[in-house]
Amino acid sequence: MGEEVILLDFWPSMFRMRVRIALAEKGVKYEYRDEDLLKGGKSRYLLQVNPAHKKIPVLIHNGKPISKSSIIVQYINEVWNDKAPLLPSNPYERAQARVWTDYIDKKVYDAGRKLWTTTGEEQEAAKKDFFEIFKTLEGQLGGEPYFGEENLGYVDVYLIPYYCWFHAYETMANISMEGECPKLVAWAKRCAQKKSVSESLVDEKKISGFVLK
Amino acid sequence: MSKGEVVVLDFWVSPFCMRVKIALEEKGVEYEGREEDLFGGKSELLLKSNPIYQKVPVLLHNGKPLCESTTIVSYIDEVWPSPPLLPPCAYGRAQARFWADFIDKKVFDAVGKIWRSKGKVAESAKEEFLEILKQLEGALGEKDYFGGDSFGFVDVIAIPLTSWFHAVEKFGGFKVEDECPKFSAWMKKCMQKESVAKIIPDPEKVYEFVIMMRKMQGIE
């Protein structure tokens, strides 16, 4: 398939880690261009290709832009459908996977952010909320090795980038992920053993450093 | 086209529930709508079927529950493929999902900012709402529907929200028809469809509901 795949990127973004994992799972070669959001100003190229949201990640496939990580990962799954299916073939299970990625979207980022933007009583409440969410996700995992059951699936790809934020969460809020959600930490370590994941995740100390700034 | 028992846990004025019912109507699927009393107390079935959000709509297909209206509409499209709501090509589908997500994130909140205003509706709230509609007009372009020649996924996601527009027009003192004529024309075209006309409630009744909500929330 002679095609051009470009990923507009910002290194700490967990949203684009998802896209990188999906591309790696499918064995797709791509070029990535760094968008340094902190240096101030998004490149003209980004604004041109993603006017409605002005956000990264943006995947550009043969000149056509696609944005939002959930949409990009589903697109990658549909186009490169010869290997590593990320979504189940059964429509009900596929819908369930979408419900859980939507849940992750709605809950995890904000809950995590509250851990390092609040103090005192507010932070205690934030911690409770945070663990409730992760325990719900643990419950969904059940006894399977992955959310995708036997193999890495859509929900795994969606959630795993948060793993490199665990260290930051633990440091900021004085909590222990392994203490509260051992099953989930075991799941995360299992995912990280996969090449597509280990090569796409950012080093957790870099994330902590970035958060502390 | 029976593929089992279909139940929708419903609330008449919820645009999210309307999406699900319109999709089922489009596909000619028979279903039972069960109205939830969201103010009196949610049913056991709702709480059990949607434990993580405890919200409507919930679709129960042969007893198996699904929540989140956009996911439900995608599911309906996959199980009952004819007539199709999503386009056949992956890029077209990605674009449809993008606009559905945009509508989900922006429109209802912007509507809320207007009807929840205490006193005079802030100019900024009105401007924000109209700006979003103008962006949608851009996405519509010269097409009849967001789906192109035929009513599709994005149209199903968007049209129910317009049942609340009459209420915000009254509170905000403006008319969508004057400010966004293209969008208004699309609304009229959709309302001519049987599936849509059957499900979208009378805008005056929605307006009365909103007045009641305002009283309940101490805004009046």
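Up top is the structure these notes are about.
Residues numbered from 1 in each chain as written. Chains lettered and ligands numbered in written order. Predicted model: local features only at pLDDT ≥ 70, side-chain atom pairs only at ≥ 80, totals over all residues. Heavy atoms only, no water.

What follows covers the packing of helix α5 (residues 123-140) of chain B against helix α9 (residues 181-191) of chain B. All names here are of chain B. It is the contact of α5 with α9, at a shortest axis distance of 8 Å, that shows an interaxial angle of 70°. Overall, the two elements α5 and α9 adopt an arrangement that is roughly perpendicular. Here α5 runs over α9; the crossing is left-handed. Between α5, through L133, L136, E137 and L140, and α9, the contact on the second element is made entirely by P181, K182, F183 and W186. (Axes fitted to C-alpha atoms, helices over the stretch in contact; angles between N-to-C directions. Helix = DSSP H or I, 4+ residues; strand = E, 2+ residues; numbered from the N terminus. Parallel < 35°, antiparallel > 145°, perpendicular 65-115°, else oblique. Left-handed = near helix turned anticlockwise from the far one by under 90°. Contact = heavy atoms within 4.5 Å.)

Before going further, it helps to examine the sheet that holds strand β2 (residues 32-35) of chain B. All names here are of chain B. Read across the open sheet, the 4 strands follow the order β2-β1-β3-β4; overall the sheet is mixed. Two strands bound the open sheet, and with one partner strand each, they are β2 and β4 (64-67). Along the sheet, successive strands turn relative to each other by an average axial angle of 20°, direction set aside. Sitting on the sheet, helix α1 (residues 15-26) touches β1 (6-10) and β3 (58-61), and the angle it makes with β1 is about 155°. Lying on the sheet, helix α3 (residues 69-79) is in contact with β3 and β4; it crosses β3 at an angle near 30°. (Pairing = 2+ DSSP bridges.)

Next up on the list: the packing of aromatic side chains. Enumeration according to the criterion identifies 30 aromatic pairs over all chains in this entry. Seen from their ring centres, F39 of chain B and F209 of chain B are 6.2 Å apart, and the 40° between their planes marks the pair as tilted. Note that F39 of chain B is positioned in the loop between β2 and α2 (44-49) and F209 of chain B in helix α11 (residues 203-216), a separation of 170 residues in sequence. The exposure class assigned to F39 of chain B is partly exposed, which follows from its relative accessible area of 45%. Within the aromatic cluster, the residues linked to one another by ring pairs are W116, F130, F131, F134, Y163, W165, F166 and Y169 of chain A. Its end group placed over the ring of Y158 of chain A, R18 of chain A keeps NZ or CZ at 3.6 Å from the ring centre. Sitting over the ring of Y92 of chain A, K64 of chain B keeps its end group 4.6 Å from the ring centre. (Phe/Tyr/Trp six-rings, centres within 6.5 Å; stacked < 30°, edge-to-face > 60°. Buried < 20%, exposed > 50% of the residue type's maximum accessible area, 1.4 Å probe, protein only. Lys NZ or Arg CZ within 6 Å of the ring centre and 35° of its normal.)

As a further point, take the pattern of salt bridges. One side chain can pair with another of opposite charge once the charged atoms of both are near each other. Residues and elements named next belong to chain A. Per the stated rule, a full pass over the model turns up 25 salt bridges over all chains. Put simply, K68 and D105 hold a salt bridge, and the shortest N to O gap is 3.4 Å. You can see K68 sitting in the loop between β4 (64-67) and α3 (69-79) and its partner D105 sitting in helix α4 (residues 91-117), a full 37 residues away along the chain. Overall, the relative accessible area of 26% leaves D105 in the partly exposed class. (Salt bridge = Lys/Arg side-chain N within 4 Å of Asp/Glu carboxyl O.)

This part covers the pairing of β3 of chain B. Each regular strand shows side chains that alternate between the opposite faces of the sheet. All names here are of chain B. Neither face of β3 is open: one carries V58 and L60, the other L59 and H61, and all of them are buried. In this structure, β1 lies alongside β3, joined through 4 bridges in antiparallel fashion. Directly across from V7, in β3, lies its bridge partner L60. Bridge count between β3 and β4: 4 bridges; the pairing is antiparallel. Counterpart to V58 in the pairing with β4 is C67. If you look at the hairpin formed by β3 and β4, you'll find 2 residues sitting between the two strands, and N62 has a positive phi there, around 50°.

All right, on to the interface of chain B and chain A then. The partner chain A presents 26 residues to the 25 residues of chain B that form the contact. The salt bridge partner of R97 of chain B is E78 of chain A, with a shortest N-O separation of 3.1 Å. At the junction of chain B with chain A, the criterion picks out 7 residue pairs in polar contact (both at pLDDT 80 or more). Listing elements by their share of the side of chain B that touches chain A, those giving two or more residues are β4, α3 and α4 (90-115) of chain B. If one sorts the elements of the side of chain B that touches chain A by residue count, α4 of chain B sits on top with 12 residues. Of the residues in the side of chain B that touches chain A, the class split is 13 nonpolar, 4 polar and 8 charged. (Polar contact = N/O pair within 3.5 Å; in protein donor to acceptor, adjacent residues only side chain to side chain. Nonpolar A, V, L, I, M, F, W, Y, C, P; charged D, E, K, R; others polar.)

Residues and elements named next belong to chain A. Helix α7 (residues 166-173) packs onto α4 with a crossing angle of 35° between their chain directions and a minimal axis gap of 8 Å. As α4 runs across α7, the sense of the crossing is left-handed. Touching G112, L115 and W116 of α4 are Y169, M172 and A173, all from α7. The residue makeup of the contact of α4 with α7, split by class, is 5 nonpolar, 1 polar and no charged.

Time to look at the layout of surface pockets. Residue and element names in this part refer to chain A. Of the pockets and cavities examined, the second largest pocket occupies roughly 450 Å³. If you trace the second largest pocket, you find 22 residues lining it, with P88, E93, F147, G148 and E149 closest to the centre. Contributing elements (two or more residues each) for the lining of the second largest pocket: α4, α5 (120-141) and α6 (154-159). For the lining of the second largest pocket, the leading source of residues is α4, giving 4 residues. The residue inventory of the lining of the second largest pocket, partitioned by class, reads 12 nonpolar, 5 polar and 5 charged. (1 Å grid on protein atoms, 1.4 Å probe; cavity = no way out; pocket = protein on both sides within 12 Å on 5 of 7 lines; lining within 4 Å. Points joined across faces, edges and corners; volume = space filled by probe spheres on them.)

With glycine set apart, most residues show a phi of negative sign, and most peptide bonds adopt trans. The amide bond that connects V56 of chain B to the next residue, P57 of chain B, takes the cis arrangement and shows omega of 0°. Checked against the element boundaries, P57 of chain B lands in the loop between α2 and β3. With an omega of -10°, the peptide bond between S82 of chain B and P83 of chain B qualifies as cis. At A84 of chain A, a residue that is not glycine, the phi angle is positive and equals roughly 45°. Looking at the secondary structure, you find A84 of chain A in the loop between α3 and α4.

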